[in-house]
Amino acid sequence: MIKIFCYLRFSFLRLIRDPLSLGLTIFTPPFFTLFFWIVYNNSTTDVSLAVLNEDIGVETAQKRQYYGNQLILLLSDTSNINEIVNLQLVSVESEQEARTMIKKGVVHGLISVPAEFSVKCAQKREAVWYFTLQKGILYYDAVRLLLDKCNIQFNSILIGKKLLVDIKSTDFKEQTKFSIFDSFVPGLLTFAVIMLVFSVSGAVSREIESGAFIHLRMSSLTPVQMISGLSIVHFFAGIASVFVTLLTIKLSGFSFEGSFYGILILCSLTIISAISIGIIIASLARSRHKTLLASCIIMFLFILFSGIMFPVPDIEVLRLGQNTVSLFDLLPTIHLHSGLTAMLFRKAEFTDISYEYYALIFLTILLSAAGKYSLKYFVYTDS
Amino acid sequence: MDHFVYKIDSISKSFGALNVLKNVTLEIQSGSIVICIGVNGAGKTTFFKILCGLLKADSGSFYKKTAKSSQPSSVDVIGYCPQEISIWPDLTCREQMIMVARLNGMNASKSKEQVNGLLNRLQLTSKADTLASKLSGGMKRRLNLGLALVHEPEFCILDEPLDGVDLHGRKFIRDYINEISSQKKQTIIMSTHIMEEALYLNGIIVLFKNGEVIIFKSQNEFSDRISEDFLMEKAI
């Protein structure tokens, strides 16, 4: 333990004596947060949706009522609800037609109203209308929130206060204002964690390249003790980065609804994974130049295939009970991003995102072991 | 400190077709100095790295034995001064020496005392709290040496420790090496290209040539045999 703290102390000194690296690690994510807020806070976007209205209406005492039409009318003008997403509705005759349009990129999703919709509304029975959104479209969560709000308004106008009309998913975050910027929040927090790969791999490769690592090898400091000392220092740098990013997000007006501790646990697990990845990169690359190149490749892999920027292709590799393990589930950042998204926008509890938690715990253990072995076999032992 | 005999037993190492070391065998009494000489690429650094455990030998072993017991044991506390300057540029001289001492099991007060003494011996006291990156080349060399000796290892391996050190500094270091060998009974094995150093230090001289070693038991033997012709023939 004394050796861990001794190495930790000097690792900390080395970290703070490189203010540029430390500053970039901690302040780059909040800087991007601020930048995204400035650019996207008041921006608007058009989202085209196909509408398949199969409602046959219902005969009432006065006239034939078409509740489906009234719902579509409400959706066609959402300016009083939301000034960010402008829904462009395109009427279609069949689901097949809508799917073809989605494939061609003409529309981003489908809203369908079933035939018995009006009948159920009139009978005060639970009615459901459906939507299918193309996953990964920009402002996905903003559109889902907008549809949810429309549904609430439709209920209050036509049915009364009691929610009888439902859409397929109703577990959205109820926020008074949803900005386009908000949809970037999980990605920005994930980015804060990804940055650690650079700082850790840089610190280790700098130590290897300076030759000073030889004194650690000659001492009785084991790879596990070295990793522990190094990890504790960089763990707190990572937590500092997440905190400053969260603070910037909060100051930009984002309202946190999910569990703060849940966010912290998800970020902490991913930070440990990122530290281990940094150690693996530095152990294999061994020079700062190669480490920088390898870290860039890993960063792009994380950003491109964690759902931060683009939809993640679902390539099934195995099935565990009810869960399908996709190829990109091997990236810890995908679980952080999806866990944060669920928590921040859908008020998800632990049970709702247990897959993400367990996957992150598993990957953290796996990567930590890989980090230890790569340091031991590629740096501590020359062949 | 107990009296040991360090045995280097038939160490061989090759890199592909190149045989760098061929059955190198050597016996070193604790508290003695061994000076390794030889041309560049003769295998001195490879030999040192094998002794340190940084490189695996193809065959052979390195162990120690006491006079009382025939049971061999491993050499645990080794100090290694690499040929290249291997220091932490972002730590001060004092900080990194304390770190190495502490990581090698020295307690806080002892390490502080040891570091102050060593900084003084290496003439680095005035630069003790200066970042290593800001030191001159010669000072970095001295710090490099300090990191190998700070934890008082029983077996010190110094790979060309005097390179790049000025004449005045060299004398201090040579005196210090003689002192720790004679007084603290630390065993020193070092390499140098400077004949004068080999003769000044009170130890055994080992000549590396084509992966094999020629041992001179004393300076006198070395001086007697080391005529100009011999130097040419043995390609020092």
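Residues numbered from 1 in each chain as written. Chains lettered and ligands numbered in written order. Predicted model: local features only at pLDDT ≥ 70, side-chain atom pairs only at ≥ 80, totals over all residues.

### Quick look at the overall build of chain B
Right, so step 1: Each helix and strand in chain B was counted, giving 8 helices and 9 strands.
Right, so step 2: In terms of overall dimensions, chain B has C-alpha extents of about 45 × 45 × 35 Å along its principal axes.
Right, so step 3: The buried share among the 236 residues of chain B stands at 44%.
Right, so step 4: Contacts in chain B between residues far apart in sequence, at least 24 positions, make up 71% of those at least 6 positions apart. (Helix = DSSP H or I, 4+ residues; strand = E, 2+ residues; numbered from the N terminus. Buried ≥ 20, exposed ≤ 12 C-beta atoms within 10 Å, placed from the backbone. Contact = placed C-beta atoms within 7 Å.)

### Some points on the overall build of chain A
Right, so step 1: Counting its secondary structure elements, chain A contains 13 helices and 9 strands.
Right, so step 2: Counting all 383 residues of chain A, 44% fall into the buried class.

### Side note on the interface of chain B and chain A
One frequently used descriptor of interface size is the decrease in accessible area upon assembly of the parts.
Right, so step 1: Between chain B and chain A, the residue contacts involve 23 residues of the former and 21 residues of the latter.
Right, so step 2: When contributions to the side of chain B that touches chain A are tallied by element, the ones reaching two or more residues are strand E5 (78-81) and helix H2 (93-103) of chain B.
Right, so step 3: When residues in the side of chain B that touches chain A are grouped by element, the largest group, 5 residues, is from H2 of chain B.
Right, so step 4: Partitioned by chemical class, the residues of the side of chain B that touches chain A number 15 nonpolar, 3 polar and 5 charged. (Nonpolar A, V, L, I, M, F, W, Y, C, P; charged D, E, K, R; others polar.)

### Comments concerning helix H5 (residues 167-182) of chain B
Right, so step 1: Taking 1.5 Å as the rise per residue, H5 of chain B with 16 residues should run 22 Å; its terminal C-alpha atoms sit 23 Å apart, in good agreement.
Right, so step 2: Turning to H5 of chain B, the residues buried within the fold contact strand E3 (33-37), helix H4 (137-149) and strand E7 (187-191) of chain B. (Expected span 1.5 Å × (residues − 1).)

### Some words on the nonpolar core
Right, so step 1: Core analysis: the largest hydrophobic core is formed by 172 residues, its most contacted members being Val-193 and Val-197 of chain A together with Val-34, Ile-35, Met-97, Ile-157 and Val-206 of chain B.
Right, so step 2: Residue contributions to this core peak at 15 residues, all from helix H7 (residues 185-210) of chain A.
Right, so step 3: Residues from two domains meet in this core; each of domain 1 (2-39 + 181-380) and domain 2 (46-177) of chain A gives at least three.
Right, so step 4: Not counting chain neighbours up to four residues away, the residues in contact with Val-34 of chain B comprise Ile-28, Ile-188, Ile-189, Gly-203, Ile-204 and Val-206 of chain B. (Core = buried A, V, L, I, M, F, W, Y, C linked by C-beta atoms within 7 Å. Domains from an automatic or database assignment.)

### Brief notes about the domain arrangement of chain A
Right, so step 1: As far as domains go, chain A holds domain 1 (2-39 + 181-380) and domain 2 (46-177).
Right, so step 2: Here domain 1 of chain A and domain 2 of chain A have C-alpha centroids that lie 40 Å from each other.

### Side note on the environment of Leu-360 of chain A
Residues and elements named next belong to chain A.
Right, so step 1: Residue position: Leu-360 is located in helix H13 (residues 354-380).
Right, so step 2: You can call Leu-360 buried: it has 25 C-beta atoms within 10 Å.
Right, so step 3: Here the alpha-carbon distance between Leu-360 and Ile-208, two residues 152 residues apart in the chain, equals 29 Å.
Right, so step 4: Not counting residues up to four positions away in its chain, the partners in contact with Leu-360 are Leu-266, Leu-269, Thr-270, Pro-332, His-335 and Leu-336.

### Description of the sheet that holds strand E1 (residues 4-15) of chain B
Residue and element names in this part refer to chain B.
Right, so step 1: Reading across from one edge, E2-E1-E4 is the order of the 3 strands in this open sheet, with antiparallel pairing throughout. One side of each edge strand has no neighbouring strand; the edge strands of this open sheet are strand E2 (18-29) and strand E4 (59-66). With direction set aside, neighbouring strand axes in the sheet form an average angle of 5°. (Pairing = 2+ DSSP bridges. Axes fitted to C-alpha atoms, helices over the stretch in contact; angles between N-to-C directions.)

### Considerations on the environment of Leu-158 of chain B
Residues and elements named next belong to chain B.
Right, so step 1: Of note, Leu-158 is situated in strand E6 (residues 155-159).
Right, so step 2: With 26 C-beta atoms packed within 10 Å, Leu-158 lands in the buried category.
Right, so step 3: For the pair Leu-158 and Met-190, spaced 32 residues apart in sequence, the C-alpha to C-alpha distance is 4.4 Å.
Right, so step 4: If we skip the residues at most four places from it in the chain, Leu-158 touches Cys-81, Leu-145, Ala-148, Ile-188 and Met-190.

### Some words on unusual backbone geometry
Residues and elements named next belong to chain B.
Right, so step 1: Here the phi dihedral of Gln-123 falls at roughly 55°; this positive angle occurs in a residue that is not glycine.
Right, so step 2: Note that Gln-123 resides in the loop between helix H3 (108-121) and H4.
Right, so step 3: Look at Gln-123 and you get partly exposed, because 15 C-beta atoms sit within 10 Å.

### A word on the environment of Leu-146 of chain A
Right, so step 1: Secondary-structure assignment places Leu-146 of chain A in helix H6 (residues 140-159).
Right, so step 2: Separated by 71 residues in sequence, Leu-146 of chain A and Leu-75 of chain A place their C-alpha atoms 9.1 Å apart.

### Regarding the sheet that holds E6 of chain B
All names here are of chain B.
Right, so step 1: Read from one edge of the open sheet, 6 strands run E5-E6-E7-E3-E8-E9, paired in mixed fashion. Each having just a single partner strand, E5 and strand E9 (212-216) make up the two edges of the open sheet. Each neighbouring strand pair of the sheet contributes to a mean axis angle of 15°, computed without reference to strand direction.
Right, so step 2: The pairing of E6 with E7 spans 5 bridges and is parallel. By the bridge assignment, Ile-157 is partnered in E7 with Ile-189.
Right, so step 3: Against the sheet, helix H1 (residues 44-52) makes contact with E3, E5, E6, E7 and strand E8 (204-209), and its axis sits at roughly 150° relative to E6, the strand it touches most.
Right, so step 4: The strands that H4 touches are E5 and E6; relative to E5, the one it contacts most, it runs at about 170°.

### Notes on H4 of chain B
Residue and element names in this part refer to chain B.
Right, so step 1: A rise of 1.5 Å per residue sets the reference length of H4, with its 13 residues, at 18 Å; its end C-alpha atoms lie 19 Å apart and thus fit the reference within 8%.
Right, so step 2: Among the 13 residues of H4, 11 are classified as buried, and the element is accordingly described as predominantly covered.
Right, so step 3: Met-139, Lys-140, Arg-141, Arg-142, Leu-143, Asn-144, Leu-145, Gly-146, Leu-147, Ala-148 and Leu-149 are the residues of H4 that are buried.

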